[in-house]
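# Close look at the chain arrangement
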Amino acid sequence: MPNRTALITGVTGQDGSYLAEQLLEKGYRVYGLIRRLSSPNLTHIASLRDRIEIVDGDLMDQGSLNDTIHRVSPDEVYNLAAQSFVGISFGQPVLTGEVTGIGALRLLEAVRYHAPHAKVYQASSSEMFGQVDREPQDESTPFHPRSPYGVAKVYAYWASVNYREAYSMFVSNGILFNHESPRRGLEFVTRKISDGVARIALGKAKTITLGNLEARRDWGFAPEYADLMWRTLQHSSPGDFVGATGESHSVREFLEEAFLVAGIPDWSSHVLSDPKFNRPSEVYNLRGDSTKAAKQLGWAPKTRFKELVKIMVRADMDRLSGKGSS
């Protein structure tokens, strides 16, 4: 395979860092787009800093995107940047719309004018399905988003489809269901649980406070989903692909399994409930069908629910006990 150039927005996040690692292993020249901040968090890509090229840019600023795409002239663009926390989107809906929705459109415009040959991956989300009327959900399931984040992702999804159809651009959507890892942000419920349980097990805390324990999600392992992103752009033609395990589990199940991993069979006295963590409109059950990705891309998830929980809890226990880092 000849050397190829990839640009990743959101390179410092969970997905971006795993994808950067995998692309480097494949021989890509990797650029990472980062907003200019006084103290950017580069923790997840610290080991890659001498191997990837950081460029300044912002999904809120069309000029910076135009300049970046023109200078880098990427073969592949992975748009993973977003205001990606659903809970925050209720408090900051306009910012979420600007970054997660319109930001994707700005990037598509930059590619259209300055690198029309480039293949574009848009990180879509199972949150677009929202209030579902069927199970499992696949590429044909109607969208009914239940949060400003979900609404913004629907906008970005349809913008991607429109640019594909209107300008014959290679633009694909990855409709990925929840995917977790030790690099997941602490504001996300799975990492909040793994970190909280690890602290309780190590005597650093006594309780963990959560919201709705009955919401069910389809949880997979993030590095495997980064591989799906790459496979999506290697397909012969652009399209939209669901990435999912096909299993759904409740927050309560995740909690119970996490405490078992930590050797605490009775968890009830360690868990508090606070309605402030409940969403104004909840999404109760998401479970995906990735048959299309299996047939056309040869992709299938390998890490199942219990193993995922074990990976996360043990990583946080190692980190908090000084044995490792996430």
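These figures come from a predicted structure and were not determined experimentally.

## Side note on the pairing of strand β4 (residues 76-79)
By the alternation rule, side chains of β4 split into Glu 76 and Tyr 78 and Val 77 and Asn 79, which are all buried. As defined by bridge partners, strand β1 (residues 5-9) adjoins β4 across four bridges and the pair is classed as parallel. Note on β4: the bridge partner recorded for Leu 7 is Val 77.

## Examining the packing of helix α1 (residues 14-25) against helix α7 (residues 222-234)
Packing of α1 against α7 leaves a shortest axis separation of 9 Å and a crossing angle of 65 degrees. At the point where α1 passes α7, the crossing takes the right-handed sense. Note on element contacts: α7 touches α1 through Ala 222, Pro 223, Ala 226, Asp 227, Met 229 and Trp 230, opposite Gln 14, Asp 15, Tyr 18, Leu 19, Gln 22 and Leu 23. A per-class count over the contact of α1 with α7 returns eight nonpolar, two polar and two charged.

## Brief notes about the pattern of salt bridges
Within the structure shown, the criterion is met by 20 salt bridges. Across the pair Glu 253 and Arg 216 runs a salt bridge, and its minimum N-O distance is 3.2 Å. Residue Glu 253 is found in helix α8 (residues 251-261), and its partner Arg 216 is found in strand β9 (residues 216-217); the two are separated by 37 residues along the sequence. Taking the relative accessible area as the measure of exposure, Glu 253 reaches 26% and is therefore partly exposed. In this structure, Asp 227 and Arg 231 form a salt bridge, with 2.7 Å as the shortest nitrogen-oxygen distance. Linking Asp 227 with Arg 231, this pair stays in helix α7, spanning four residues, or about one helical turn. On the basis of relative accessible area, Asp 227 is assigned to the buried category, the value being 19%.

Quick notes on the rules
- Residues numbered from 1 in each chain as written.
- Predicted model: local features only at pLDDT ≥ 70, side-chain atom pairs only at ≥ 80, totals over all residues.
- Heavy atoms only, no water.
- Buried < 20%, exposed > 50% of the residue type's maximum accessible area, 1.4 Å probe, protein only.
- Helix = DSSP H or I, 4+ residues; strand = E, 2+ residues; numbered from the N terminus.
- Pairing = 2+ DSSP bridges.
- Axes fitted to C-alpha atoms, helices over the stretch in contact; angles between N-to-C directions.
- Left-handed = near helix turned anticlockwise from the far one by under 90°.
- Contact = heavy atoms within 4.5 Å.
- Nonpolar A, V, L, I, M, F, W, Y, C, P; charged D, E, K, R; others polar.
- Salt bridge = Lys/Arg side-chain N within 4 Å of Asp/Glu carboxyl O.

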